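# Coordinate analysis (summary)
Residue strings, one per chain:
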Amino acid sequence: MDGPTATEFHTTAAGVDVLAMADECKAQGNAAFKEGRYELAAQHFSAAIALDGSNAVLFSNRSGAYASLGSYWEALADAEKAIALRPDWSKGFSRKGAALYGLGRYAEALNTYDAGLAVEPGSQQMGQVWIRVVGNWRFGVEQGSGSCRVAVGGGGDMCVELIGAGAGGARG
């Protein structure tokens, strides 16, 4: 047999399986998240990331924990890392959309959900979230937003154009 096995490759000189340790931290983070202990969940996911920084699921999970804490900038950074690691996985786009929504960046959130639908057109979850964001949208909510154009629908086949009365204002 040439070269190390997958398990041997992820084992340190001390004989510790780093990926197994990361999985254990992830499991603890998932348990804490389910209990509503989001700060603890984020800590466990951070520990897992320190062991396996190439796992998009870990960044996605920590993004969800940060968003649940209202730490949307951190949630956004982790969601973007998840997308960079796995651009073909719609969950990263879902996390990014949630972070952008939490930051009040609704047009960007819609575009992000649209990108997620392009990656996974049949995603009911992504479609439902997209509809909820549109349903909650208020004209003129983005600072300095006189107008915005949002491409929507799995390939930009429909556009929504909102024209406000100026910064923070709305026509109505």
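Use the structure listed above.
What this report covers is the structure whose coordinates are included nearby. (Residues numbered from 1 in each chain as written. Predicted model: local features only at pLDDT ≥ 70, side-chain atom pairs only at ≥ 80, totals over all residues. Heavy atoms only, no water.)

Given a rise of 1.5 Å per residue, 14 residues ought to cover 20 Å, and the 20 Å separating the end C-alpha atoms of helix H5 (residues 72-85) matches this to within 8%. For H5, the set of buried residues is Ala 75, Leu 76, Asp 78, Ala 79, Ala 82 and Ile 83. In this fold, the buried residues of H5 make contact with helix H4 (56-69) and helix H6 (90-102). (Helix = DSSP H or I, 4+ residues; strand = E, 2+ residues; numbered from the N terminus. Expected span 1.5 Å × (residues − 1). Buried < 20%, exposed > 50% of the residue type's maximum accessible area, 1.4 Å probe, protein only. Contact = heavy atoms within 4.5 Å.)

Glancing now at the pattern of salt bridges. Counted under the stated rule, the structure contains four salt bridges. For Arg 37, the salt bridge is made with Glu 35, and the minimal N-O distance between the two is 3.2 Å. Judged by its relative accessible area of 45%, Arg 37 falls in the partly exposed class. Looking at Glu 35, the relative accessible area reads 53%, which means it is exposed. The salt bridge involving Lys 96 is made with Glu 80; its shortest N-O contact spans 3.7 Å. Linking Lys 96 in helix H6 with Glu 80 in helix H5, this pair joins segments that are 16 residues apart in sequence. (Salt bridge = Lys/Arg side-chain N within 4 Å of Asp/Glu carboxyl O.)

Using the criterion set out here, one finds two aromatic pairs in the structure. Seen in terms of ring centroids, Phe 33 and Tyr 38 are 5.0 Å apart; in terms of plane orientation they differ by 65 degrees. Their pairing is edge-to-face. Assessed through its relative accessible area of 28%, Phe 33 is described here as partly exposed. On the basis of relative accessible area, Tyr 38 is assigned to the partly exposed category, the value being 26%. Ring centres 4.9 Å apart and planes at 65 degrees place the aromatic pair Tyr 101 and Tyr 106 in the edge-to-face group. Accessibility expressed as a relative area gives 26% for Tyr 101, which makes it partly exposed. (Phe/Tyr/Trp six-rings, centres within 6.5 Å; stacked < 30°, edge-to-face > 60°.)

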